[in-house]
Amino acid sequence: MRHEDRAAAAHEDAQWATFHIGDELFALNVADVQEVVMQQPLTPVPLAPEHIVGLLNLRGQVMPAVDLRRCLALPPTPPPPTAKLLVLKTTDGPTSVLVDEIGDVLTLPVAGWRPAPDTIAATHRRAVTGIYANEGRIVVGLNVEALLDEPRGG
């Protein structure tokens, strides 16, 4: 690849699906999101890890439902009435994650992302792809695989 082509590729815009957990704004690459579903009844799983809040049966496909609050060590609160489930594509198959509210799909140039700051707990830093200042808000980019694989409660 020519230098000019690499430079152009480094500045390509990527699309990010945003969502809120509490007052925080997070984003996942759109390619990692299969769909958004309204909060649905979840089947409890006895003896499951704390971050697994149940199983979701979505049109006959059963998948774990993960509470991202617990994965990110955010204060526990009951899900708001606006809570939704994001169905994510992972190497282990579809996984749903509980979020407070769905945001917009944003096109964010690669050049605008900054590394995860040292203020993010070391146990979570590998799940954060970076931060992006957008219209006065900080967007925290997440890596799906790292987020769901890392130890909980960090």
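No experiment lies behind these values; they were computed from the predicted model shown.

Reading guide: rules and limits
- Residue positions are given per chain, counted from 1 along the sequence in the order it is written.
- Thresholds applied to this predicted model are a pLDDT of at least 70 for local features of residues and 80 or more for the giving and counting of side-chain atom pairs; totals over whole chains, interfaces and linings are not thresholded and use all residues.
- Here the side-chain values reflect all heavy atoms present in the structure, with hydrogen atoms and water set aside.
- Numbering of helices and strands runs from the N terminus; a helix is a DSSP stretch of H or I covering at least four residues, while a strand is a stretch of E covering at least two.
- Only protein chains enter the accessibility calculation, which uses a 1.4 Å probe. A residue is then buried if its area is under 20% of the maximum for its type, exposed if over 50%, and partly exposed in between.
- For accessible areas, the Shrake-Rupley method is used with a probe of radius 1.4 Å. Any residue's cover is judged against the shown protein chains and nothing else.
- Should any heavy atoms of two residues lie within 4.5 Å, those residues are considered in contact.

*Asks:* Kindly report on the overall build of the chain, identifying the contributing residues and their values.
*Replies:* Tallying secondary structure elements over the chain gives 4 helices and 10 strands in all. Scanning the chain from its N terminus toward the C terminus, one meets helices and strands in the order α-β-β-β-β-β-α-β-β-β-α-β-β-α. By the burial criterion, 40% of the 154 residues in the chain qualify as buried. Only carbon and sulfur atoms are counted for the fraction: they give 56% of the accessible area of the chain, which is about 8700 Å².

*Asks:* Before we move on, could you go through the environment of M38 and cite the residues and values that matter?
*Replies:* Mapped onto the elements of the fold, M38 is located in strand β3 (residues 33–38). Of the residues examined, M38 reaches a relative accessible area of 56% and is grouped as exposed. Spatially, the C-alpha atom of M38 lies 8.8 Å from that of L86, the residues being 48 residues apart in sequence. If we ignore the near neighbours within four places in the chain, the residues touching M38 are K84 and L85.

*Asks:* Please give an account of the environment of A116 that cites residues and values.
*Replies:* Topologically, A116 is positioned in the loop between β8 (101–109) and α3 (122–125). You can call A116 buried: its relative accessible area is 16%. It is 8.3 Å that separates the C-alpha atoms of A116 and V140, two residues lying 24 residues apart in sequence. Contact partners of A116, with chain neighbours within four places excluded, come to R125, V128 and G130.

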